[in-house]
Structures are given as C-alpha cells and as structure tokens.
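Listed here are the chains, written in short residue letters.
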Amino acid sequence: MKAKEAVELGLKHDVKFVDLKFIDFPGVWQHTTLPAARLNEALFEDGIAFDGSSIRGWQPINASDMLMIPDPESAKIDPFFAHPTLSIVCSVYDPITKQPYSRDPRHIARKAEAYLKQTGIADTAYMGPEAEFFVFDDVRFDHSKPNEGYYHLDSVEGAWNSGREEFPNLGYKTRHKEGYFPVPPTDTLADLRMEMMLALQASGIEVEVGHHEVASGGQCEIGMKFNRLLPCADQLMWFKYVVKNVARKHGKTATFMPKPLFGDNGSGMHVHQSLWKEGKPLFGGDGYAGLSELALHYIGGIIKHAKSLAAFTNPTTNSYRRLVPGFEAPVNLAYSSRNCSASVRIPITGPSPKTRRIEVRFPDPSANPYLAFAAMMMAGLDGIQNKIDPGDPLDKDIYALSPEELSTVPHMPGSLEEALESLENDHEYLLRGDVFTKDALHEWLDYKKTKELNPIRMRPTPHEFVLYFDI
C-alpha cells in the first residue's frame, strides 16, 4: 500500500481519526491520535514531531525532539476505538537530518533486510512466530512499598480452584500441564479465541489455528501465517494489540509475560525461519531432515550465538523463570527433527522444498520482535558465511538424558544477567552491515541493567521469607 492508497482507505471507511503507533526500545507500542483532517499524502513525507526523551531508552532531555513518519504499508482500520480510526505504524527519524533513528527497532529490522540482500546469500527472510499468552480473570500486584510486595492472579480455569465466587463455581479446572486441546467446558476460552481470530482476519492477518495451550490458568495460542521479517514484526505487534483488547472487551486480561504462574508451563514464542532468493527456497535439500547445507549452517550460527541472542529473544528476568528444565522449555542447545525438546527443531512438512524451514524454540513473547528477528537472522547468516557446523542432531528426549550425556550439550543462559554478559562478549556478528550499532547495543545493555536487573535484585521475594525469615 502506498501513501495515496492509505489515504483512500481512510476515506473509504469515513474515518474520524488517524492513530499513529510506534514501538519503544523495550518492545511496547506507543501512540498518538490525529483528526482525520490531517490525513493526506504529505503526512507520509513530513510525519509529526514528538518528545523522544519521554520514551524508554531513547533521547536525553536536551535533545528530545524526534519525528515519527507513518508507513502506509501498515495501514489498517482499528477495530477497538469508538470512532472509525485508521491505524498506521511509524518509523522514527531525526527531525534535523531526517536520517532514521539508530535506536528505532523498526529501523534495525529494515537494515537487517537490506543487509541480507547485500550479502547475496538471499533476498528474503521469512519469520513465523507462535506467541503464546495467558488470559486471566483478575490480576493484582504492587512493588513500590518498602515493607510489602505481592502479586495475585486468578482464572476460572486455574488448576488451583481458588474458591472465589463465580456465580456459581462449576469446577472443570484445567490440571497442571494438561491444558493442551481440552474441549469446553474445560476450555472456557474457545469463543474468546474465535473472536480474536476474527479480529485478526478482518485486519488482513491470515490465521492458521487457535487452541488452548499446555498450562492451566488460561494459556492459549493463535498461529499466524509467516511473513517477511519487517512486516512480520509489525504483524506480531498487531497480534498482541488484538489479543489484549479483545480480552479486555470481555472483562478479562491477556499477558505475554513468559512465566506468570509458578509450577506450570510458561509462554514461549517459537519462531519458524527460512531464507529465499529470487522466489526460490534455500532451506530445502538432501541433508538431515531434508535440509540444505546452507540451512544447517544457519542452524550452526543460531546455536553458536544463542547465549548472546538470548539478550534479545529472552530479554526479561521473567524469561528465565521459563527457561528451566521440566516445563517443555528448550534450555539445551541442540537441533533435531520433530523433537520438541530441542532448541532448534525441523518440523515435518511435505516433500516440497517451499515448506522446508527451521523452528527456533527458545524465544519468548516478551521479546521486541524487530530486534529478536533481526538478531536471529544475523546469527544464521554468520553461520552461513563461516560455514559453522551445528554438530550432530540429537534425536533423543533431551529431558531424559543422563547428567553425563547432558554435559556435552551446551545450554541457554540461566539468567538475564548471564545473557547480557554473553551479548557484551559476542556481538560482532550483529554489527555487520551497520544493522545493530554500538550505540543501540550499549543502550540496550545499560537499560536492561539499570531499569530491570538492579531494581529486581534489590527487592525481596515472598519465597525468600519462607527460606530465610527464621535463619
């Protein structure tokens, strides 16, 4: 869609407002709204100014002015506002030089696509994320008091059956780790997921499947069709927006937090990936599981750089509550066909090379998709450029391996701190093509340490009272 077509879309639907959205550094959409009278082709050239110092991880107060310029390719009719509204995703620019902003995650994803073409290896990277999420009926938390801190979650599906009044409480609670595919009445969220799927389809996103996931407490998954790297990241942000707002419309709340429940499975975001050139798939071949040598080298790059990738694919302290053995989380770095316990899986597909792809299973949906997708592709390209051998596949149940067998298998970081240290020591592959700049990497590391690691490190947790109060 060009600027003219985006304007025509707004006129066709008689929109009253234009909502401009952009993503902040950690990965959350921000927005501002214009009256429809300002919708014209010049808007897509001139953009509008905003205060970059008020956005997390961006400008200092003495250089706060920034510019957001809408991308007409992303224009959609927003289904949630009371008045007809055209929603458009923006990229961020310097208002003086009109150069793209180095810390704009969308710009980083665009540079990654440009670098891919520059290498001559391929011209298109496809990404297909599977972002799991929880739907709760009640959520309460507080962290700000020196003498108190708590969280409380509730769900009509909770395995704990909290006893709250549900007018009436009818039972049918999902047991821990037994939420995969039950029919109603155990699955109370089928109609809600269908409404989410309809809203996604109405906005032009092709939906492939929707179902309850393994955990109790309302864990769900809705699968979308793959897309090119940059529009796929846009699509994932729209997906989160739709899921959260449909849930809220029904008096529920949705979260993409990786591990909100203790003792049950967390939410992952498996990302299917493939490279193409001139309309031809590059991952199909006569190697292991029908993969080409190029695809195996791509896997080699993912495995080699997985610990530093984790700083983008698993970028929260809560991510490492999920990345522990025993909950289907792929903590061990190995690849395999069909094997869901491997961190890189080769899905079973038909004989066509067009369907051949890999599935990277360790990311989670707290990731900023522009940064995570770009980083994984850069790691895969490094594997291809340096012909990195991924080693032998591991077709056993990795969770059942003995300690001696596991000792030879590398594993994901055990904490965000370890992931950030890995990124500090292993980031040269991200700097190629100026995709990730040193400025962007420095700000990411600093933000994560000062705004997330340190505040969490300083606060006691309820379980510490259980362990240590009588010490």
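Residues numbered from 1 in each chain as written. Predicted model: local features only at pLDDT ≥ 70, side-chain atom pairs only at ≥ 80, totals over all residues. Heavy atoms only, no water.

A. Region of interest: the overall build of the protein. Looking only at helices and strands, the protein features 14 helices and 18 strands. Across the 471 residues that make up the protein, the buried fraction comes to 54%. Pairs at least 24 apart in sequence give 70% of the contacts found in the protein among residues at least 6 apart. Entry remark: accessible area of the protein is about 21,600 Å², with carbon and sulfur atoms responsible for 54%. Where the 50 positive side-chain charges of the protein centre and where its 63 negative ones centre are 2 Å apart. (Helix = DSSP H or I, 4+ residues; strand = E, 2+ residues; numbered from the N terminus. Buried < 20%, exposed > 50% of the residue type's maximum accessible area, 1.4 Å probe, protein only. Contact = heavy atoms within 4.5 Å. Areas by Shrake-Rupley, 256 points an atom, 1.4 Å probe, with all protein chains shown as cover. Lys, Arg positive; Asp, Glu negative; His and termini not counted. Charge placed at Lys NZ, Arg CZ, Asp CG, Glu CD.)

B. The packing of aromatic side chains, seen in detail. Going through the model one piece at a time under the given rule, you end up with 21 aromatic pairs. Between Phe22 and Phe50, the ring centres sit 4.9 Å apart and the planes meet at 35 degrees, which makes this aromatic pair tilted. In this pair, Phe22 is assigned in strand β1 (residues 17-23) and Phe50 in strand β3 (residues 48-51), connecting sequence segments 28 residues apart. You can call Phe50 buried: its relative accessible area is 13%. Taken together, a centroid distance of 6.2 Å and an interplanar angle of 70 degrees make the contact between Phe133 and Phe239 edge-to-face. Linking Phe133 in strand β7 (residues 124-136) with Phe239 in helix α5 (residues 229-249), this pair joins segments that are 106 residues apart in sequence. Considered together, Phe133 and Phe239 belong to a single accessibility category, that of buried residues. Members of the aromatic cluster, connected to one another through ring pairs, are Phe22, Phe50, Trp58 and Tyr101. Residue placement shows Lys21 over the ring face of Trp29; its charged tip is 5.8 Å from the ring centre. Of note, Lys240 hangs over the ring of Phe256, and the distance from its end group to the ring centre comes to 5.4 Å. (Phe/Tyr/Trp six-rings, centres within 6.5 Å; stacked < 30°, edge-to-face > 60°. Lys NZ or Arg CZ within 6 Å of the ring centre and 35° of its normal.)

C. Up close: the nonpolar core. Within the largest apolar cluster, 121 residues are counted, with the highest numbers of intra-cluster contacts made by Phe239, Leu275, Phe373, Met377 and Phe436. Broken down by element, the residue count for this core peaks at 13 residues, all from α5. Counting residues in hydrophobic clusters, the runner-up holds six residues, among them Ala334, Ala342, Leu394 and Leu401. (Core = buried A, V, L, I, M, F, W, Y, C linked by side-chain atoms within 4.5 Å.)

D. Spotlight on helix α4 (residues 190-202). With 13 residues, α4 should cover 18 Å at 1.5 Å per step; its first-to-last C-alpha distance of 18 Å lies within 8% of that length. The set of residues buried in α4 consists of Ala190, Leu192, Arg193, Met196, Met197, Ala199 and Leu200. Buried-residue contacts for α4 involve β7, β10 (207-212), β11 (219-224) and α5. Positive backbone phi, at 95 degrees, marks Gly204, one or two positions downstream of α4. (Expected span 1.5 Å × (residues − 1).)

E. The arrangement of the side chain of Ser216 in detail. With respect to the helices and strands, Ser216 occurs in the loop between β10 and β11. Residue classification places Ser216 among the buried positions, given a relative accessible area of 0%.

F. Structural view of the pairing of β7. Most of β7 is tucked away, with 12 of its 13 residues classed as buried. Where β7 meets strand β14 (residues 269-277), eight bridges bridge the pair, whose relative direction is antiparallel. Bridge pairing in β14 links Tyr126 to Ser274. One ladder, built from two bridges, connects β7 with strand β12 (residues 227-228); its direction is antiparallel. Among the inter-strand pairings, Tyr126 is bridged to a residue of β12, identified as Arg228. The pairing of β7 with β11 spans three bridges and is classified as antiparallel. (Pairing = 2+ DSSP bridges.)

G. Structural context of unusual backbone geometry. The residue after Pro184, namely Pro185, is reached through a cis peptide bond having omega 15 degrees. Inspection of the secondary structure puts Pro185 in the loop between β9 (148-154) and α4. Within the chain, Asp14 stands out as a residue other than glycine whose phi angle is a positive 50 degrees. Topologically, Asp14 is positioned in the loop between α1 (3-12) and β1. Asp14 gets classed as partly exposed once you look at its relative accessible area, which sits at 47%. In the Ramachandran plot, Asp434 falls in the positive-phi region, its phi being about 60 degrees despite a non-glycine side chain.

H. Just the environment of Phe181, in detail. Relative to the helices and strands, Phe181 is located in the loop between β9 and α4. Not counting chain neighbours up to four residues away, the residues in contact with Phe181 comprise His211 and His212.

I. Expanded view of the packing of helix α7 (residues 306-313) against helix α11 (residues 416-425). Contact geometry for α7 and α11: axes closest at 7 Å, N-to-C directions at 115 degrees. Relative to α11, α7 is oriented so that their crossing is left-handed. Contacts between α7 and α11 involve Lys307, Ser308, Ala310, Ala311 and Phe312 from the first element and Glu418, Ala419, Leu420, Ser422 and Leu423 from the second. In terms of residue class, the contact of α7 with α11 is built from six nonpolar, two polar and two charged. (Axes fitted to C-alpha atoms, helices over the stretch in contact; angles between N-to-C directions. Left-handed = near helix turned anticlockwise from the far one by under 90°. Nonpolar A, V, L, I, M, F, W, Y, C, P; charged D, E, K, R; others polar.)

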